[in-house]
Amino acid sequence: NEYKSYLSMVSVMNGVQNPMVYVRNNDSGSDNTSMMPPPAPMMPFQTAGMQFTPMWLQMPTFDGKRMRWPVHRKTVDYNTTVFNYIENRLYRKSLHSAKVLQPHTAYYPDVLPPMGMLDNPVNAVTTRFVRMSTNKFKCPIHVVRFLRDGKRCVSGASSGEFAIWGGNNFDFQTNIQAHDTAIRVMEWNKNETWLLTADHSGNIKYWQSNMNNVKAFDAHTEVIRDASFSPTDKKFVTCSDDSTVKVWDFYSCSEERSMRGHGAEVKCCDWHPQKGLIVSGSKDTQQPIKLWDPRVGQSLTTLHLHKATVTRTKWNRNGNWLLTSSRDHLLKIFDVRAMKELQVFRGHKKEVMSISWHPIHETLFASGGGDGSILFWVVGTDREVGGMDTAHEAMVLSLDWHPLGHVLASGSNDHTAKFWTRNRPGDKMTDKFNLNTNPNENIEYELDDPLGLQGEYNMEMVSIISNSLDPRMPSSEQPICLYTIYAYIIIYRSLERPILYYIYT
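Residues numbered from 1 in each chain as written. Predicted model: local features only at pLDDT ≥ 70, side-chain atom pairs only at ≥ 80, totals over all residues. Heavy atoms only, no water.

## Thoughts on the overall build of the protein chain
Okay, step 1: Regarding its fold elements, the protein chain presents 6 helices and 32 strands.
Okay, step 2: A buried classification covers 46% of the 505 residues belonging to the protein chain.
Okay, step 3: Contacts spanning at least 24 positions in sequence make up 46% of the contacts within the protein chain whose residues lie at least 6 apart.
Okay, step 4: About 27,600 Å² of surface is accessible on the protein chain, with carbon and sulfur atoms providing 52% of the total. (Helix = DSSP H or I, 4+ residues; strand = E, 2+ residues; numbered from the N terminus. Buried < 20%, exposed > 50% of the residue type's maximum accessible area, 1.4 Å probe, protein only. Contact = heavy atoms within 4.5 Å. Areas by Shrake-Rupley, 256 points an atom, 1.4 Å probe, with all protein chains shown as cover.)

The following block contains the structure:
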């Protein structure tokens, strides 16, 4: 009886209104069971001076937070690649002893960071879309910057807010009202301890790495377009729409030089990575690019490289190459050793608004266009090595690389910040953002045309290849020459007919 009462109590506690309790008839000594209904449930149940409310009577409470469905976020984890690099450098004597990656998912664990593939800068072309980040109040993103540890990325919007995003899964972390007007400039010093920001009204602020504001002062009467630190971090240079380029002392926040020479708004400036040399670009077509001596505040020379407004100027870390972009759709590299133009890059359909050198590969850089495209270039090549025609819906205003060089962040006038990473081995690159997608890449060819080639001349060679195969033999045991033939698909699409005939004969 006590056991039956206990079962009835448990059934009531579990929320069962009319349970059927099965008990064993121990009095008769047999294994027969009898079914008997429990007593009427008592709600609430009183036992040992404690009042208990069944679970089915407990109503859910609303905590005031909006319910959200769980979202799967893509995570770009670089730890495995860095561990591989640390292990490989112990026994790897040269770049030629590196393991060759094949286009298959089985080679995911063997991927190395860009610093482990210095002989292959194209590996750092980030055309794989990861995530699009949007502020709560949609507004243009003028600048994006990774923190130097790579754990977070900060975007500056036209509303004057900092939006901080995670560096691995790119999730939203916090918002900070940094300026009263639009943020135009965000620049880290060389020591990576201070962040300098400037806004549309000409104000400058200093920030620590934990986003703590410590100083603010007025620098220009109009919007500040660009800023750059000296190699010693003791000074920095700014340029503005008031046609001036100013040199400042970082610690005293005092102006040291005010250099005038441009006849219009100065759109960009950059300090040489090793020497006391400043470059500036302006809207003035008569004096588009100038080199300055910051010690005396005088112009050294004028470079007539573009016929339209110069939008960006960036020194390479080797100190010899000066990269410039303009509204004339061109990018140019100027060699300061020989004082002559080194190379011209043509590929953008509209003005070039942003550029960024890769932090690891010296010859690789990215550029953002006014039509929302992002292209990747290698010094010495005539065409772009990769890119996305429709990366953004409006002009790309800012680009910045992750310190390891495997992720690229872009800010645009379409109110979004997007993150891009490298393609993994075996990726098809068939998303809508990829520019260099092959339309025939996903077609599965039959045995009659194993190379996917068309035409009488091609089919003649294909018939020879097909006849050499044994249909009774499984594909895994076919002659090894078949796989060699498949490897010539790319060669066929880039070579002419006589050379292909020589290869096959």
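What follows picks up the thread again.
## Digging into the sheet that holds strand E25 (residues 340-346)
Okay, step 1: The 4 strands are arranged E22-E23-E24-E25 in an open sheet whose pairing can be described as antiparallel. Both edges of this open sheet fall to strand E22 (310-315) and E25, since each of them pairs with a single strand only. The average angle at which neighbouring strand axes cross in this sheet is 20 degrees, direction not considered.
Okay, step 2: By the bridge criterion, 5 bridges tie strand E23 (residues 321-326) to strand E24 (residues 330-335) in an arrangement that is antiparallel. Across the sheet, residue Leu 322 finds its bridge partner in E24, namely Phe 334. (Pairing = 2+ DSSP bridges. Axes fitted to C-alpha atoms, helices over the stretch in contact; angles between N-to-C directions.)

## Thoughts on the pattern of salt bridges
Okay, step 1: Enumeration over the complete set of coordinates arrives at 13 salt bridges.
Okay, step 2: Between Arg 295 and Asp 293 there is a salt bridge, and its shortest N-O distance comes to 3.1 Å.
Okay, step 3: For Asp 293, a relative accessible area of 12% corresponds to the buried category.
Okay, step 4: Here Glu 351 ties to Arg 327 by a salt bridge, and the two come within 3.9 Å at their closest N and O atoms. (Salt bridge = Lys/Arg side-chain N within 4 Å of Asp/Glu carboxyl O.)

## Considering the packing of aromatic side chains
Okay, step 1: Counted by the stated rule, this structure contains 20 aromatic pairs.
Okay, step 2: Ring geometry for Phe 217 and Trp 248: centres 5.6 Å apart, planes at 50 degrees, overall tilted. Here Phe 217, found in strand E13 (residues 213-218), pairs with Trp 248, found in strand E16 (residues 244-249); they are 31 residues apart in sequence, far enough to count as distant.
Okay, step 3: A relative accessible area of 12% places Phe 217 in the buried class. (Phe/Tyr/Trp six-rings, centres within 6.5 Å; stacked < 30°, edge-to-face > 60°.)

## What about the layout of surface pockets?
Okay, step 1: Taken as a whole, the second largest pocket encloses approximately 1,100 Å³ of empty space.
Okay, step 2: Along the walls of the second largest pocket sit 41 residues, with Arg 148, Glu 187, Lys 314, Trp 357 and Asp 400 positioned nearest its centre.
Okay, step 3: Among the secondary structure elements, those contributing two or more residues to the lining of the second largest pocket are strand E6 (141-146), strand E10 (183-188), strand E14 (224-229), strand E18 (266-271), E22, strand E26 (352-357) and strand E30 (396-401).
Okay, step 4: Here the residues of the lining of the second largest pocket are counted per class, giving 16 nonpolar, 11 polar and 14 charged. (1 Å grid on protein atoms, 1.4 Å probe; cavity = no way out; pocket = protein on both sides within 12 Å on 5 of 7 lines; lining within 4 Å. Points joined across faces, edges and corners; volume = space filled by probe spheres on them. Nonpolar A, V, L, I, M, F, W, Y, C, P; charged D, E, K, R; others polar.)

## Quick word on the sheet that holds strand E19 (residues 278-282)
Okay, step 1: With antiparallel pairing, the 4 strands of this open sheet are ordered in space as E18-E19-E20-E21. Of all the strands in the sheet, the pair left with one neighbour each is E18 and strand E21 (298-303). Taken over all neighbouring pairs, the strand axes of this sheet differ in orientation by 25 degrees on average, direction set aside.
Okay, step 2: When E19 meets strand E20 (residues 289-293), the two strands line up antiparallel, connected through 4 bridges. Looking at the pairing, Ile 278 lines up with Trp 292 of E20.

## Focus on unusual backbone geometry
Okay, step 1: Residues other than glycine seldom take positive phi values, yet Cys 253 does so here, at roughly 55 degrees.
Okay, step 2: Considering the arrangement of structural elements, one finds Cys 253 in the loop between E16 and strand E17 (254-260).

## Overview of the pairing of E30
Two faces, one strand: in a regular strand the side chains alternate between the faces of the sheet.
Okay, step 1: Judged by how many residues are buried, E30 sits mostly within the fold: 6 of 6 residues are covered.
Okay, step 2: Here E30 runs beside strand E31 (residues 407-412); their pairing, made up of 5 bridges, is antiparallel. Across the sheet, Leu 399 pairs through a bridge with Ser 410, a residue of E31.
Okay, step 3: Hairpin geometry of E30 and E31 is characterised by an intervening segment of 5 residues between the two adjacent antiparallel strands and by a positive phi of about 85 degrees at Gly 405.

## With respect to the environment of Gln 286
Okay, step 1: Here Gln 286 is to be found in the loop between E19 and E20.
Okay, step 2: Sequence-wise, Gln 286 and Ala 308 are 22 residues apart; in three dimensions their C-alpha atoms are separated by 9.5 Å.

## Observations concerning the confidence of the model for the protein chain
Okay, step 1: Looking at the protein chain as a whole, its pLDDT mean stands at 79, while 71% of the residues score no less than 70.
Okay, step 2: Scored below 50 in pLDDT, residues 475-484 shows 7 contacts in the model against residues more than four places distant or in partner chains. (pLDDT = per-residue confidence, 0-100.)

## Observations regarding helix H2 (residues 79-91)
Think of an α-helix as turning once every 3.6 residues; residues three or four places apart then point the same way.
Okay, step 1: Considered for burial, the residues of H2 that qualify are Thr 81, Asn 84 and Asn 88. Along the long axis of H2, the arc covered by the buried residues comes to 60 degrees, so they all point the same way. Exposed residues on H2 whose side chains face more than 90 degrees from its buried face are Phe 83, Arg 89 and Leu 90. (Arc of directions from axis to C-beta.)

## Some details on the side chain of Ser 326
Okay, step 1: For Ser 326, the location among the structural elements is in strand E23.
Okay, step 2: Since its relative accessible area comes to 0%, Ser 326 is described here as buried.
Okay, step 3: In this structure the side chain of Ser 326 is engaged in a polar contact, spanning 3.2 Å, whose partner is the side chain of Asp 328.
Okay, step 4: Those residues in contact with Ser 326 that sit more than four places away from it in its chain are His 306, Ala 308, Thr 309, Val 310, Thr 311, Glu 351 and Val 352. (Polar contact = N/O pair within 3.5 Å; in protein donor to acceptor, adjacent residues only side chain to side chain.)

## Description of the environment of Ile 141
Okay, step 1: With respect to the helices and strands, the residue Ile 141 is situated in strand E6.
Okay, step 2: Through-space distance from the C-alpha of Ile 141 to that of Gly 156 is 5.9 Å; in sequence the pair is 15 residues apart.
Okay, step 3: With residues near it in sequence (within four places) discarded, Ile 141 still touches Asn 135, Ser 155, Gly 156, Ala 157, Leu 397, Gly 411, Ser 412, His 415, Thr 416 and Ala 417.

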